[in-house]
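Architecture and fold: a report
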Amino acid sequence: EGLGNKFLANIRETDLICHVLRAFKDEDVIVTGKMHPKEDLEIIRTELILKDLETVEKQEKSIKKLNDPQITKTYQKALQLLKEGKMISSVNWNDKELEWVKTLHLLTAKPEIIVLNVSEEEIARTPPSPLFSKEGESPSPLRRGEWGEVCLGKVLSGYPIHQRDQGGREQG
């Protein structure tokens, strides 16, 4: 089911997206289907990508009117990424490209924090449970770059890890 335009508009106004993904079993919580936080994140990101694709595609006429080769190239780069199902934040942008990308307030350009809401038992569990693997994969320890940096309470930064400055440029 879609996230809803009003909800997505509210996210557009934020500086960061914090995904809180349920990764615990509780008989008092109603769940539709199986619980797979990694797949849940992929579904959320797909919603964000589709909304950004819609936003970028709406810019086509105004891009043509500008007749600016640099902006046209940036537009095509963003459009291609989104059509491939990739987040805008997944690539490096030069300063000029970043100027244009920022004007669109794209959801997939925002930094992310991923928080796994797990039980106390899960925090202490080694190796991690299959909750952290896709169906059919064998469980493996969480690795940097897969889910991000594992911290106390299973607070994770987005995967893959890219340290970026305020302008969205990747840092060391």
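Quick notes on the rules
Residues numbered from 1 in each chain as written. Predicted model: local features only at pLDDT ≥ 70, side-chain atom pairs only at ≥ 80, totals over all residues. Heavy atoms only, no water. Axes fitted to C-alpha atoms, helices over the stretch in contact; angles between N-to-C directions. Helix = DSSP H or I, 4+ residues; strand = E, 2+ residues; numbered from the N terminus. Parallel < 35°, antiparallel > 145°, perpendicular 65-115°, else oblique. Left-handed = near helix turned anticlockwise from the far one by under 90°. Contact = heavy atoms within 4.5 Å. Salt bridge = Lys/Arg side-chain N within 4 Å of Asp/Glu carboxyl O. Buried < 20%, exposed > 50% of the residue type's maximum accessible area, 1.4 Å probe, protein only. Polar contact = N/O pair within 3.5 Å; in protein donor to acceptor, adjacent residues only side chain to side chain. Core = buried A, V, L, I, M, F, W, Y, C linked by side-chain atoms within 4.5 Å. Phe/Tyr/Trp six-rings, centres within 6.5 Å; stacked < 30°, edge-to-face > 60°. Lys NZ or Arg CZ within 6 Å of the ring centre and 35° of its normal. Nonpolar A, V, L, I, M, F, W, Y, C, P; charged D, E, K, R; others polar.

1. Observations concerning the packing of helix H4 (residues 69-83) against helix H5 (residues 95-103)
- Running from N to C, H4 and H5 point in directions that differ by 70 degrees, and their axes come no closer than 10 Å. With respect to each other, H4 and H5 are oriented roughly perpendicular. By crossing handedness, the relation of H4 to H5 is classed as right-handed. Here Gln 70, Ile 71, Thr 74, Tyr 75, Lys 77 and Ala 78 of H4 come into contact with H5, specifically with Lys 96, Glu 97, Trp 100 and Val 101.

2. Some words on the pattern of salt bridges
- In total, this model carries seven salt bridges according to the counting rule given.
- We note a salt bridge from Glu 60 to Lys 64, for which the minimum N-O separation is 3.5 Å. Note that Glu 60 and Lys 64 are positioned in helix H3 (residues 60-66) at a spacing of four residues, about one turn of the helix.
- Across the salt bridge formed by Glu 84 and Lys 86, the nearest N and O atoms sit 3.1 Å from each other.
- Under the relative-accessibility criterion, Glu 84 is labelled partly exposed at 43%.
- A residue is classified by how much of its surface remains accessible, and Lys 86, at 39% relative accessible area, is partly exposed.
- Through salt bridges that share partners, Lys 51, Glu 54 and Lys 58 make up one connected network.

3. Topic: the side chain of Thr 74
- Take Thr 74: it is sitting in helix H4.
- Accessibility expressed as a relative area gives 1% for Thr 74, which makes it buried.
- Excluding its chain neighbours within four sequence positions, the residues that come into contact with Thr 74 are Trp 93, Glu 97, Trp 100 and Val 101.

4. Points about the side chain of Thr 108
- In this structure, Thr 108 sits in the loop between H5 and strand S2 (112-117).
- Using a relative accessible area of 0% as the deciding quantity, one classes Thr 108 as buried.
- Polar side-chain contacts of Thr 108 include one of 3.2 Å to the backbone nitrogen of Ile 88.

5. Observations regarding the nonpolar core
- Formed by 18 residues in total, the largest nonpolar core has its most connected members in Val 56, Ile 88, Trp 93 and Trp 100.
- Counting residues per element, the ones that place at least two in this core are helix H2 (37-57), H4 and H5.
- Among the elements that make up this core, the one with the highest residue count is H4 (six residues).
- Aside from chain neighbours lying at most four places away, what touches Ile 88 is Ala 78, Leu 81, Leu 82, Trp 93, Val 101, Leu 106, Thr 108 and Ala 109.

6. So, the packing of aromatic side chains
- The final tally for this structure, using the stated rule, is one aromatic pair.
- Look at Tyr 75 and Trp 100: their rings are 6.2 Å apart centre to centre, the planes differ by 80 degrees, and that puts the pair in the edge-to-face class. Of this pair, Tyr 75 sits in helix H4 while Trp 100 sits in helix H5; the two residues are 25 residues apart in sequence, bridging distant segments of the chain.
- By relative accessible area, which is 10% here, Trp 100 ends up buried.
- The positively charged end of Lys 77 is found above the aromatic ring belonging to Trp 93, 4.4 Å away from the centroid.

7. Structural notes on the packing of H2 against H4
- For the pair H2 and H4, interaxial distance at closest approach is 9 Å and the crossing angle is 150 degrees. In terms of their interaxial angle, H2 and H4 are classed as roughly antiparallel. Where H2 crosses over H4, the two elements pack in a sense that is left-handed. Between H2 and H4, the contacting residues are Ile 49, Asp 52, Leu 53, Val 56 and Glu 57 on the first element and Tyr 75, Leu 79, Leu 82 and Lys 83 on the second.
- When grouped by side-chain class, the residues that make up the contact of H2 with H4 number six nonpolar, no polar and three charged.

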